[in-house]
Each structure stands twice: as structure tokens, then as C-alpha cells.
Amino acid sequence: MKVLVVGGGGREHALVWKLTRSPTVSKIYCAPGNGGIRELAVCLDLDATDIHGLFDFATGNSIDLTVVGPEVPLSMGIVDLFEQKGLRVFGASRGAAQIESSKAFSKDLMKKYRIPTSYYRVFDSPDEAVSYIRETGAPTVVKADGLAAGKGVIICHTVEEAEDAVKMIMVDKLFGDAGERLIVEEFLEGEEASFLAFADGKTVLPMASSQDHKPAYDNDQGPNTGGMGAYSPAPVVTEELHRRIMQDVMIPTVQGMAAEGRPYKGILYAGLMMTADGPKVLEFNARFGDPEAQPILPRMENDLLPVLEACIDGTLDRISLTWKKEASVCVVIAAGGYPGRYEKGTPIGGLEEAASEDGVMVFHAGTALENGKIVSAGGRVLGVTALGPTVREAIEKAYRAVGKISFPGSHFRKDIGMKALKREESA
Ligand code: AMP
Ligand code: GLY
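Computed from a predicted model, the values in this text were never measured in an experiment. (Residues numbered from 1 in each chain as written. Chains lettered and ligands numbered in written order. Predicted model: local features only at pLDDT ≥ 70, side-chain atom pairs only at ≥ 80, totals over all residues. Heavy atoms only, no water.)

### Brief notes about the site of ligand 2
Step number 1: In the neighbourhood of ligand 2, the contacting residues comprise Asp212, Lys214, Gly226, Tyr269, Asn285, Arg287, Gly289, Asp290, Pro291 and Glu292.
Step number 2: At 3.4 Å, a side-chain N or O of Asn285 approaches an oxygen atom of ligand 2.
Step number 3: Within the contact set of ligand 2, an oxygen atom lies 2.8 Å away from a side-chain nitrogen or oxygen of Arg287.
Step number 4: In the complex, 91% of the free accessible area of ligand 2, which totals 200 Å², lies under the protein chains.
Step number 5: The residue makeup of the shell around ligand 2, split by class, is two nonpolar, three polar and five charged. (Near = heavy atom within 4 Å. Polar contact = N/O pair within 3.5 Å; in protein donor to acceptor, adjacent residues only side chain to side chain. Areas by Shrake-Rupley, 256 points an atom, 1.4 Å probe, with all protein chains shown as cover. Nonpolar A, V, L, I, M, F, W, Y, C, P; charged D, E, K, R; others polar.)

The structure is reproduced here in C-alpha cells:
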């Protein structure tokens, strides 16, 4: 089978790597891919958002299956376009992807189907938002309604900060059209976890749990990023909580989407806060997490291809997933300055040495091949991922590999996996 993977980040490198292990996959293309993906797939000079260009490529090259990584092409309707023309494609339709592309849609859905989440109000006028904030007080959370590359959420410790956030989103339009509407919601306390599942419109098949590390610096300090590292499983999600998340969140969401006439096929990703009152949804994503895919996929024992096909065909009830017992940890190495301004084109050394230890995978995110050398080409540059018999060993192995990589100006968090370690060792 010929497969086309859409995207070019660490998540897509992990997807391509996993698909190379599938006996039925004969050739993989990736658009646009990156410096690491090109060792496994033919990279195309096509942007992930050029959905018509991707469609022409898929028809012209007899692609059997297209797998969509990022949210933007999903929200643009890539799946609808391919399906209308009879092409097989894995991902959420445009209507289903609204669960991520409109926070107002997603909050209203949760309210209607009684899916646990924080209290909220949606506003399309800054004045009304500000008077609501003055009434309800701080701490509070202000969110742009639309897609903002993970940056449209502002945690506000005071009423003044929340007023500034409203101004930034609605008046200064920092996130463009994503800020036409905004959400003000209750601040939730607890530990976060990511819960991802495959869905075929009816059946929900959960993956192993994971945890992201969004803030840029150690001890969750500094500005939010796309994610500085992740591990799987997340011990905060006990077996009992796993059952509750399936019963209270994942199943009612897929049922609710079907009832709304937006059958949910693809990946449903719930970002959860484990509060004293149980798990509550912070957000939904319509795709694999990045970096969560990097630690999750190496733990998956199944061939990925039949699982993706079952989502498309509505036969997920015939599949069961098995996971390696080992823990997996991914440490992101970012370019100097990220998540602010950063340089590109910095040469990266030590990549082969880093990947030489058994159970280490160096997934590339923002890299490119220039004159035969791998150089940085994005903010999050690499996702160094390691499997180990315990979380401690996986952490040690991942950081040993990180230590072999030389990349001027780079930075990475030194505490990836520490929350899991604390839980595991106090259990
Ligand atoms: P989101 O993109 O909606 O997941 O938000 C990004 C991050 O902001 C989350 O991972 C949380 O760390 C934080 N966050 C979002 N909503 C809330 C909330 N209601 N209470 C506390 N933290 C939140
Ligand atoms: N890791 C967060 C995300 O993929 O949105």
C-alpha cells in the first residue's frame, strides 16, 4: 500500500516511523516532512495546508491511504474533500474537527451532553466579557475561540490580567480571526493528563494515557509552548480514572457528535484536568498530540495501519490494542529563544550517536537537510524518545541520548517525567 502522511513535525515523524513497521505499507510519502522523515519516506514540496495540492498528488500517484497529522488541514476540510472524491483518508471531517477549531462549539457540546468541564461563558463583545470578569473575579481563564497554535489560552491571576487578555484577543486581535469570540472559564486545579482514543463514529478505542509538559521551563515555569516533552503511561490516570474518563467523557462525546450529525472518526484527544471532583475536560483536539504521539506510538504493539482502516470503515469494535509494559519518555530539544523568536539553520551534531542505544528514537520536528547536514528549521527541533522498563530508566536513557546531541543555543526541560516518577515511587 502507498500511504501519504500530511504534516512535518515530531508527531508525523513518529507516525511515519510506526507505519514503516507495517508489513502492508510498501511506500510512504510525507508532505512536507522534515530532515528526519526523509530517511523513511519521500518528502514532498507541498504544505500541509495545501489541501487541493495534496488531493492532486494523492489522485495522480494512486495513494491508497492518506493520514492527516495536524489540525489546520482537518479544520479546512481535507477529509471531506478526499472522501467526496472517493479517496481513503484518516482524520476528522471538518464538522467533527470543530471540536478543536471552535472552543465555543466544544464547550456547548460538553454542556449539552453533560460532559464534565469548567463553567464558562462565550462572548462576542469585549465589554460584556469584561463586566462578566469583574462580576466573577479571578483567577480565571480567557481563551480565543478559534485555532491559535496552542497559544490562545491565557491563565489570569487577577481581574486586571483578565481584562488585558480580553483586550489582547478581541481588540488587538493578537490571534487574528480566532479572537472574534472568546471564552471566559473557571480556573481548574489539579494535575493534567492527555487521553487519546481512536474513534470510528460509534466505537471509542482508548490509547495508553500520557502527559504533556506545556510550559517552556522546569517546574512548569515560563510561557506555554506546543509541548516540551511527554511520557506514557501517565500514572495519574489510574485504572479507575481510566474507566471514568471513558464513561463520562470519551463515549458521551462520540455519541453526542453522532447525535449532532457530525460522526466522529479519527483521533479524539481530551486534554484533562484531574480535579478534586474528578476528571474535567480542558480542551478537545481532533488529532494525535504533539509531543504525545512520540512516546505513545513506540509503546503500541499493534500494526497501526489496520487500526486506521478500521476507523474509516467503522469496524473498530473488532480491534483490541495492546501496549508494551515499558514506559516511554520524550524530551523536546528546542531552538534558543523558543517559544519566542528563534534562529533557523543551526547545524545539529550527535544525532546518530544519540539514536545508537537500543530503545532510543530521535524524532525530528523542526529540522531540514541542507548540503547533506541536518540543521534546525523550527522552534521545537527534536523529540528524543526512549523506552525503559521503568519511568526512571526511560528518563535516564532519554537524557543520556539528549546529552549526545550538540546544537548551539538549544534548550530543553530537565524535569520531563518527574511527576510520573514521584507517583510511581510513592505508590
Ligand atoms: P488548552 O489549549 O485549552 O488545553 O489550554 C492550554 C493549557 O492552559 C492547558 O493545558 C492548561 O494547562 C491550561 N488551562 C486551560 N484551561 C484551563 C482551566 N480552565 N483551568 C486551569 N488551567 C487551564
Ligand atoms: N501536546 C499538545 C497538543 O498536541 O495540542
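### Some details on the packing of helix 5 (residues 94-101) against helix 6 (residues 103-112)
Step number 1: Where helix 5 contacts helix 6, the two axes come as close as 6 Å, and the packing angle between them is 95 degrees. Our classification of the angle between helix 5 and helix 6 gives roughly perpendicular. In contact with Gln98, Ile99 and Ser101 of helix 5, helix 6 contributes Lys103, Phe105, Ser106 and Leu109.
Step number 2: Residues that form the contact of helix 5 with helix 6 fall into these classes: three nonpolar, three polar and one charged. (Axes fitted to C-alpha atoms, helices over the stretch in contact; angles between N-to-C directions. Helix = DSSP H or I, 4+ residues; strand = E, 2+ residues; numbered from the N terminus. Parallel < 35°, antiparallel > 145°, perpendicular 65-115°, else oblique. Contact = heavy atoms within 4.5 Å.)

### Details of the site of ligand 1
Step number 1: Residues in contact with ligand 1 amount to 16 residues; listed here are only the nearest, Glu185, Glu186, Leu188, Glu192 and Glu283.
Step number 2: Between ligand 1 and Lys103 there is a distance of 3.2 Å, counted from an oxygen atom to a side-chain nitrogen or oxygen.
Step number 3: Within the contact set of ligand 1, a nitrogen atom lies 2.8 Å away from a backbone nitrogen or oxygen of Glu186.
Step number 4: In isolation ligand 1 exposes 470 Å². Once the protein is present, 93% of that is buried.
Step number 5: Contributions of two or more residues to the shell around ligand 1 are made by strand 7 (140-144), strand 8 (153-156), strand 9 (182-186) and strand 17 (278-285).
Step number 6: A breakdown of the residues in the shell around ligand 1 according to their chemical character gives seven nonpolar, two polar and seven charged.

### Describing helix 6
Step number 1: Across the ten residues of helix 6, seven count as buried, placing the element largely inside the fold.
Step number 2: Every buried residue of helix 6 is listed here: Lys103, Ala104, Phe105, Ser106, Lys107, Leu109 and Met110.
Step number 3: Of the residues trailing helix 6, Arg114 is marked for its positive phi of about 55 degrees. (Buried < 20%, exposed > 50% of the residue type's maximum accessible area, 1.4 Å probe, protein only.)

### Digging into empty space enclosed by the protein
Step number 1: Taken as a whole, this structure holds three cavities of 30 Å³ or more when the rule is applied.
Step number 2: Of the voids in this model, the largest cavity is the one considered here, and its volume is about 70 Å³.
Step number 3: Along its surface, the largest cavity is lined by Ile99, Glu100, Lys103, Ser106, Lys107, Lys143, Ile183, Glu185, Leu282, Glu283, Phe284 and Asn285.
Step number 4: With four residues, strand 17 is the largest single contributor of residues to the lining of the largest cavity.
Step number 5: Residue classes in the lining of the largest cavity are distributed as four nonpolar, two polar and six charged. (1 Å grid on protein atoms, 1.4 Å probe; cavity = no way out; pocket = protein on both sides within 12 Å on 5 of 7 lines; lining within 4 Å. Points joined across faces, edges and corners; volume = space filled by probe spheres on them.)

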